[in-house]
Amino acid sequence: KDLAVLRIEAPAEKLQPLQVGDSSLLEVGRKVIAIGNPFGLDTTLTVGVVSALGREIDSVSRRKIRDVIQTDAAINPGNSGGPLLNSRGEVIGINSQIYSRSGGYMGLSFAIPINYAMDIARQLETKGFVERGWLGVGIQNLDPTLSKRFGLDRPTGALVGQVMPGSPAEAAGIEAGDVILSFDGKRVGSSPELTPMVAATPV
């Protein structure tokens, strides 16, 4: 509900678009800047850092939102849909949600990674709808104890706890108890990293 693809009838030289960054290059501790209209106060700018990456949160509709950016930049009602910028002024996220018991800022804010948002925009422009890759597994993280049981020197990858009948995973021979260490040539450091990799893969 925060984003739309629009056609703007205006000469290019009269537009000043923000530069789009690469959210995959983000690191915890990097400085970020949030711009929005909290409580109707136009073009408010707040500053913070990337507090965590790859978070999974519940949306207002109770659907899971995965791989979001957590920041301590102050975001309040009215910020949603505004840009989250890096220190070079590039958009690396879309301010989306806060965690709050009072309805106001409590230091936990979340943004959709710009790579994810741009992929959705491209699909809407070219196809008019969004497609997502699907593997068909239930996964969990490995703790140090589980890692040793699977012969790994440290917790890494995604442990398969369930394989859906008729899924691509079943067809490929993946079984419960397997550990997925890489996907499409990219290292899987933890189970939350696998979901966006699969979702971004063309059907």
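First things first, this report covers the structure right here in the doc.

Basis of the calculations
- Within each chain, residues carry numbers counting from 1 in the order of the written sequence.
- Residues qualify for local features only when their pLDDT is at least 70, as the model is predicted, and side-chain atom pairs are given and counted only at 80 or more; totals for whole chains, interfaces and linings, by contrast, use all residues.
- Here the side-chain values reflect all heavy atoms present in the structure, with hydrogen atoms and water set aside.
- Salt-bridge detection follows one rule: a side-chain nitrogen of Lys or Arg within 4 Å of a carboxyl oxygen of Asp or Glu.
- In DSSP terms, a helix is any run of H or I states spanning at least four residues, a strand is any run of E spanning at least two, and both are numbered starting from the N terminus.
- We call a residue buried when its accessible area falls under 20% of the maximum for its residue type, exposed when it is over 50%, and partly exposed in between, using a 1.4 Å probe and counting protein chains only.
- To estimate the expected span of a helix, count its residues, drop one, and scale the result by 1.5 Å.
- A contact between two residues is defined here by any heavy atoms of the two lying within 4.5 Å.
- Patch members must show over 30% relative accessible area and no salt bridge, and they are joined within 9 Å when carrying like charges or within 5 Å when they are nonpolar side chains of Val, Leu, Ile, Met, Phe, Trp or Tyr.
- The method behind every accessible area is Shrake-Rupley, applied with a 1.4 Å probe, and residues are considered shielded solely by the protein chains displayed.
- At least two bridges found by DSSP between two strands is the condition for calling them paired.
- Remark: nonpolar core denotes a set of buried residues (Ala, Val, Leu, Ile, Met, Phe, Trp, Tyr, Cys) joined through side-chain atoms within 4.5 Å.
- In this analysis the probe radius is 1.4 Å and the grid spacing 1 Å, with only protein atoms considered; a cavity is a set of points the probe fits into but cannot get out of, a pocket is an open set with protein on both sides within 12 Å along at least five of seven lines, and lining residues have an atom within 4 Å of a point.
- Grid points are joined across faces, edges and corners, and a volume is the space filled by probe spheres set on the points.
- Amino acids outside the nonpolar list (Ala, Val, Leu, Ile, Met, Phe, Trp, Tyr, Cys, Pro) and the charged list (Asp, Glu, Lys, Arg) are all regarded as polar, and Gly is one of them.

**Re the pattern of salt bridges**
- A full pass over the atoms with the stated rule returns 4 salt bridges.
- The partner of Arg132 in a salt bridge is Asp119, and the shortest N-O contact between them spans 3.5 Å. Of this pair, Arg132 sits in the loop between helix H1 (114-126) and strand S7 (137-140) while Asp119 is found in helix H1, placing the two residues 13 residues apart along the sequence.
- Accessibility expressed as a relative area gives 26% for Arg132, which makes it partly exposed.

**Describing H1**
- Its 13 residues give H1 an end-to-end C-alpha distance of 18 Å, which sits within 8% of 18 Å, the value for a rise of 1.5 Å per residue.
- Within H1 the residues assigned to the buried category are Ile114, Ala117, Asp119, Ala121 and Gln123.
- In this structure, the buried residues of H1 make contact with strand S5 (91-98) and strand S6 (109-113).
- Two residues or fewer after H1 comes Gly128, characterised by a positive phi angle close to 85°.

**Considering a nonpolar patch on the surface**
- A cluster of nonpolar side chains, Val5, Leu124 and Val130, forms an exposed patch at the surface whose accessible area comes to about 200 Å².
- Tracing the backbone shows Leu124 in helix H1.
- Leu124 gets classed as partly exposed once you look at its relative accessible area, which sits at 36%.

**Topic: the pairing of strand S4 (residues 83-86)**
- Neither face of S4 is left uncovered, since the one carrying Pro83 and Leu85 and the one carrying Leu84 and Asn86 both have all their residues buried.
- Here strand S1 (residues 31-36) pairs with S4 via 3 bridges, running antiparallel. Within S4, the residue paired with Val32 across the bridge is Asn86.
- Pairing between S4 and S5: 3 bridges, direction antiparallel. Bridged to Leu85 within S5 is Val91.
- If you look at the hairpin formed by S4 and S5, you'll find 4 residues sitting between the two strands, and Gly89 has a positive phi there, around 80°.

**Some thoughts on the nonpolar core**
- Membership of the largest hydrophobic core is limited to 11 residues, which are Leu135, Val137, Ala158, Val160, Ala169, Ile180, Phe183, Val188, Leu194, Met197 and Val198.
- Every element with two or more residues in this core is listed here: strand S8 (158-163) and helix H4 (191-199).
- It is H4 that contributes the most residues to this core, 3 residues altogether.
- Those residues in contact with Val160, other than ones at most four positions away along the chain, are Val137, Gly138, Ile139, Ile174, Glu175, Ala176, Gly177, Asp178 and Ile180.
- Counting 10 residues, the second largest nonpolar core, distinct from the first, contains Leu26, Val32, Val50 and Leu84.

**Looking at the layout of surface pockets**
- Empty space within the second largest pocket amounts to approximately 210 Å³.
- Together, Gly21, Asp22, Leu25, Leu26, Glu27, Arg30, Lys31, Asn86, Ser87, Arg88, Glu90 and Ile92 line the second largest pocket.
- Along the lines of polarity and charge, the residues of the lining of the second largest pocket split into 3 nonpolar, 3 polar and 6 charged.

**Topic: unusual backbone geometry**
- In the Ramachandran plot, Phe39 falls in the positive-phi region, its phi being about 55° despite a non-glycine side chain.
- Mapped onto the elements, Phe39 comes out in the loop between S1 and strand S2 (44-58).
- Even without a glycine there, the phi angle at Thr43 is positive, about 45°.
- Along the chain, Thr43 turns up in the loop between S1 and S2.
- Residue classification places Thr43 among the exposed positions, given a relative accessible area of 65%.

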